[in-house]
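Residue-level structural notes
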Amino acid sequence: MTLLDFARGPALSFAYAVFVFGVAWRLVSLLLLPRNKELSQAKPGAPSVFSAAVLGFVRHLWPQKAYLRGTLFATLNGYVFHLGLAIIVFGLAQHILVFQSLFGINWPNLPSSLISVAAVVTLASLVVALVRRLTSPVLRLISTGNDYIAWFVTTLPVITGLLAVSHLGAPYETLLAIHILSIALLLIVFPFGKLMHAFLVFLTRTGTGIFYARRGAEI
Amino acid sequence: MTVPIDVKAATRTFLAHVEEHLVTYLEACVHCGQCADACHFHEASGDPRHTPAYKLFPIAKAYRAQKWPLSWLGLGPAITERDLKEWEELLFDTCTLCGRCTTICPMGIDIASIVGTARQAFVKAGLGPTDLLAAADSSRDHGSPLGVTAEKLKDRLEWLADEHEINIPLDKDKADILLTVSSIELMKYPDSVVSMAKVLNHAGVNWTLSSKGYEATNFGYLAGKADIAKLMVERIVDAAKLVGAKTVVIPECGHAYSALRWSAANMLGYPLPFTVLHISEYMAQLKREGKLKLAPFTQSITYHDPCQVSRRGGATADARYLLQDFATDFREMTPTGNLNWCCGGGGGVQAISRAADLRYKVFKIKMDQVEKTGAKTLISACSNCRLTMDESKAHWKWEGGLGSLVEIIADNLVEAPPSAGNGV
């Protein structure tokens, strides 16, 4: 078995399993926790739970004007690497083939040159995020190992992917195998740390939206 | 300082309150640090420890410790005495539970609700500022944090009624409206109590105060003493049931409103058999019903939104509605409404004497905001905000005026001639 066979075969299968069961376990164990029944009277005219949840989600997509001065850069940088990652993951032809084999669906790919640009921009944006974390007194104080691990396992596939498409430093098969292994690492780490925010954001924003909407408040 | 700290009790208490939304909040924080920008304590001090997300660290640790795979072997993270000592100040002195950090959080995490729960855990461990805890104990033992017993209440109300020649009903058998008071008002801003009475008399509603349940402030709630919080709520609920009140009116006190309006039913385990309204909401309702006749108020004013009434209470628009067509020179601060900067003394911080310097620093944000509007007077609808601002004003020898919403309304009521009554 070559390294590539290992990466594509057992490593990736194991990573998929850990990802799926890990995420399910985290979500189920959260949703099974006791929830107190809300007994206070809702404010008359409060929106329905559904619209409160949607509003709560949408409201936190972008900082309010009063906060923009302090948060614009970090917010933009956050959007850059999140969208960049989405473009790379869902836009590259080779990635779409993986989705095709997993779920049987596909969609038109983006030009690989565009993906390369997106990858470079994403990498730069991730580096900026790390530099901010290491230099801002607030971020330095509140950062834990979890934050750095999440950064590392997210950034690694971007770097290994860029190396693989540019055939730099080693034979293509080896580079591809390393890239796939780095993704396996990402998938394995995903459920157990900060990366879970990709799922939890739907619970927190909507939960807060519902909590305050019944008070007639807009947070 | 010499009392032993019960780390286990803290962990147990926090875990007993572990609910789905609180844990989700703890696990979802991405440590982006944006909440620091929204927190008045961080804004005033520049101390990174005042970052709201950082204040949750011991709680997150307590929770992680419990679900750590090897925790049954005593391995993994454990909450320590040092953690609790260091964070006591952060959770009590540097958080007013104002919820401003929620408005900036990209994950939409409601940090204030976790801090509220965390305080209970700290108190169970034998921690917490002694003056804040004493205020809670005094509420339990004497009916009010400032020692206003039922007897004192009666004396004080009689004196106010005589002095101002108005009717302040106490212990009527039946009434539609039960009015509650804050002892801060009774002792320091008695005009505020008189003003509420004037408004209710003007509107011609059937109302009373009750010596069975009069204190609206809930220091049990603020000090993390759940038993006292519940007791304070029960007193008002029992009084309201006794007089058959359909509505309980909360005076100008933000946390009193929050405790009774949103938490009381959950503490008691059943829905309240009456509606709870903050005095500003109630006055807005009276205005909508045409029961509030006001002469224009021409002084320049700006309005400080109490966090629990506006941002976390949903009554932001009611204050504006009251001021509309009444306060002819009303100027908004920037930011205002739901994003208003806190006074620095909510959430019990006002009662913590060692936090005074920090409160003063926070008030500088407000002074600056008010000065930019050019308004002469800053009015609020929370006597706790007002007290915090009054003390800070004295500290900085600030020239700006401070006032109360209900007082300017009461001072400008236009009494209709007796024959023109609408019979309500």
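Residues numbered from 1 in each chain as written. Chains lettered and ligands numbered in written order. Predicted model: local features only at pLDDT ≥ 70, side-chain atom pairs only at ≥ 80, totals over all residues. Heavy atoms only, no water.

**Focus on the overall build of chain A**
The helix and strand tally for chain A stands at nine helices and zero strands. N-terminal to C-terminal, the α/β element order of chain A is α-α-α-α-α-α-α-α-α. Across its three principal axes, chain A shows a C-alpha extent of roughly 65 × 40 × 35 Å. For chain A, the residues scored as buried account for 38% of the 219 residues in total. A sequence separation of at least 24 residues applies to 70% of the contacts in chain A between residues at least 6 apart. With an accessible surface of roughly 11,900 Å², chain A has 74% of that area assigned to carbon and sulfur atoms. (Helix = DSSP H or I, 4+ residues; strand = E, 2+ residues; numbered from the N terminus. Buried < 20%, exposed > 50% of the residue type's maximum accessible area, 1.4 Å probe, protein only. Contact = heavy atoms within 4.5 Å. Areas by Shrake-Rupley, 256 points an atom, 1.4 Å probe, with all protein chains shown as cover.)

**Re the layout of surface pockets**
If you add up the space inside the second largest pocket, you get close to 1,400 Å³. What lines the second largest pocket is a set of 45 residues, and nearest its centre among them are N36 and F211 of chain A together with E19, H21 and N266 of chain B. Residues belonging to the lining of the second largest pocket are distributed by class as follows: 16 nonpolar, 18 polar and 11 charged. If you count residues domain by domain, the lining of the second largest pocket takes at least three from each of domain 1 (7-128) and domain 2 (132-286) of chain B. (1 Å grid on protein atoms, 1.4 Å probe; cavity = no way out; pocket = protein on both sides within 12 Å on 5 of 7 lines; lining within 4 Å. Points joined across faces, edges and corners; volume = space filled by probe spheres on them. Nonpolar A, V, L, I, M, F, W, Y, C, P; charged D, E, K, R; others polar. Domains from an automatic or database assignment.)

**Describing the domain arrangement of chain B**
How big an interface is tends to be stated in terms of accessible area lost as the parts join. All names here are of chain B. Considered domain by domain, chain B is made up of domain 1 (7-128), domain 2 (132-286) and domain 3 (289-411). A separation of 21 Å is found between the C-alpha centroids of domain 2 and domain 3. Carbon and sulfur atoms supply 62% of the area that domain 2 and domain 3 bury against each other, a total of about 2,800 Å² over both sides. Together, Y189, E252 and L286 form the three largest contributors to the area buried by domain 2 at its contact with domain 3, with a combined 23%. Connecting domain 2 to domain 3 are zero salt bridges. Inspection of the domain 2/domain 3 interface yields 18 residue pairs in polar contact (both at pLDDT 80 or more). If you tally residues by element for the side of domain 2 that touches domain 3, the top one is helix α13 (residues 190-203), at eight residues. For the side of domain 2 that touches domain 3, a count of residues per class yields 15 nonpolar, 10 polar and six charged. (Buried area = accessible area lost by both parts, 1.4 Å probe. Salt bridge = Lys/Arg side-chain N within 4 Å of Asp/Glu carboxyl O. Polar contact = N/O pair within 3.5 Å; in protein donor to acceptor, adjacent residues only side chain to side chain.)

**Focus: the confidence of the model for chain B**
Low-confidence regions, as indicated by low pLDDT, have predicted coordinates that should not be scrutinised in detail. Here chain B shows a mean pLDDT of 93. Residues at 70 or above account for 95%. When the criterion is pLDDT under 50, residues 420-424 of chain B qualifies, and its contacts beyond four places in sequence or with other chains add up to two contacts. (pLDDT = per-residue confidence, 0-100.)

**Regarding the pattern of salt bridges**
A side chain of one charge can pair with a side chain of the opposite charge when the charged atoms of the two come close. Under the counting rule described, the total for this entry stands at 25 salt bridges over all chains. A salt bridge links R26 of chain A to E27 of chain B, with the nearest nitrogen and oxygen atoms 2.6 Å apart. Here R26 of chain A is found in helix α1 (residues 3-31), whereas its partner E27 of chain B is found in helix α2 (residues 20-28) on a different chain. In this structure, R26 of chain A and E27 of chain B share a single accessibility class: buried. Between D47 of chain B and R49 of chain B there is a salt bridge whose closest N-O contact spans 3.4 Å.

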